[in-house]
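Fold and geometry: a report
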Amino acid sequence: MTRDPVFERDGGRCALQIAGVCLGRAGNADHRVNRSQGGHGRPSNKIAECGSGTTGCHGWKTHHPAEAGDLGWYLPAGADTLAEPCFLRHAVYGPGWFLLDDAGGFAAWALPSREAALAAVACRGGS
Ligand SMILES: [Zn+2]
């Protein structure tokens, strides 16, 4: 049986680790854009989590969709999962904000610099 790249990426541990809720070991790789919303099955759309739809961090996420959305754990239909960062408490590299890729990797995400933000505004040609 081949290992799921999402479990490899997240070290087999739950990457959410919500205090008082987390069960530790990842039991499933949950979707950020739900499958029912057209979410794909590639690694950038999945996070290793403990529990199920009603228990552990997965259950917390299900019952707190707004908070989970703020953390990038839930994304709306059509969201670019490669461009939307998420907050992970990775066993080795976290906690922090990360961009996930579809090869099973991730990179630390930083807020765009003020200069980059101003340049983006200038490129839109506002007067
Ligand atoms: Zn957990």
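Residues numbered from 1 in each chain as written. Predicted model: local features only at pLDDT ≥ 70, side-chain atom pairs only at ≥ 80, totals over all residues.

A few words now on the sheet that holds strand E4 (residues 96–100). The antiparallel open sheet is built from three strands, whose spatial order is E3-E4-E5. Strands at the two margins of the open sheet, each flanked by one partner only, are strand E3 (86–88) and strand E5 (106–108). Averaged over all adjacent pairs, the angle separating strand axes in this sheet is 50°, with direction ignored. Of the pairings in the sheet, the one linking E4 to E5 comprises three bridges and is antiparallel in character. Paired with Leu100 across the two strands is Phe106, which belongs to E5. (Pairing = 2+ DSSP bridges. Helix = DSSP H or I, 4+ residues; strand = E, 2+ residues; numbered from the N terminus. Axes fitted to C-alpha atoms, helices over the stretch in contact; angles between N-to-C directions.)

Right, let's get into unusual backbone geometry. In this chain, Gly94 is followed by Pro95 through a cis amide linkage whose omega measures 0°. Locating Pro95 in the fold gives a position in the loop between E3 and E4. If you check the backbone angles, Gln17 has positive phi at about 50° while not being a glycine. Here Gln17 shows up in the loop between helix H1 (5–9) and strand E1 (28–31).

To continue, consider helix H2 (residues 56–63). Helical geometry note: an α-helix holds 3.6 residues per turn, so side chains three or four residues apart project in the same direction. Where H2 is concerned, the buried positions are Gly56, Cys57, His58, Trp60 and Lys61. Contacts made by the buried residues of H2 are with E1, strand E2 (46–49) and helix H3 (65–70). (Buried ≥ 20, exposed ≤ 12 C-beta atoms within 10 Å, placed from the backbone. Contact = placed C-beta atoms within 7 Å.)

The biggest cluster of nonpolar side chains holds 21 residues, and the ones touching the most others in it are Cys14, Leu16 and Ile47. For this core, the elements supplying multiple residues, two or more each, are E2, H2, E3 and E4. Leave out the neighbours within four places in its chain, and Ile47 touches Asp10, Ala15, Leu16, Ala29, Asp30, Arg32, Trp73, Cys86 and Leu88. (Core = buried A, V, L, I, M, F, W, Y, C linked by C-beta atoms within 7 Å.)

Structurally, Tyr74 can be placed in the loop between H3 and E3. Look at Tyr74 and you get buried, because 23 C-beta atoms sit within 10 Å. Placed 40 residues apart in sequence, Tyr74 and Asn34 show a C-alpha to C-alpha distance of 7.8 Å.

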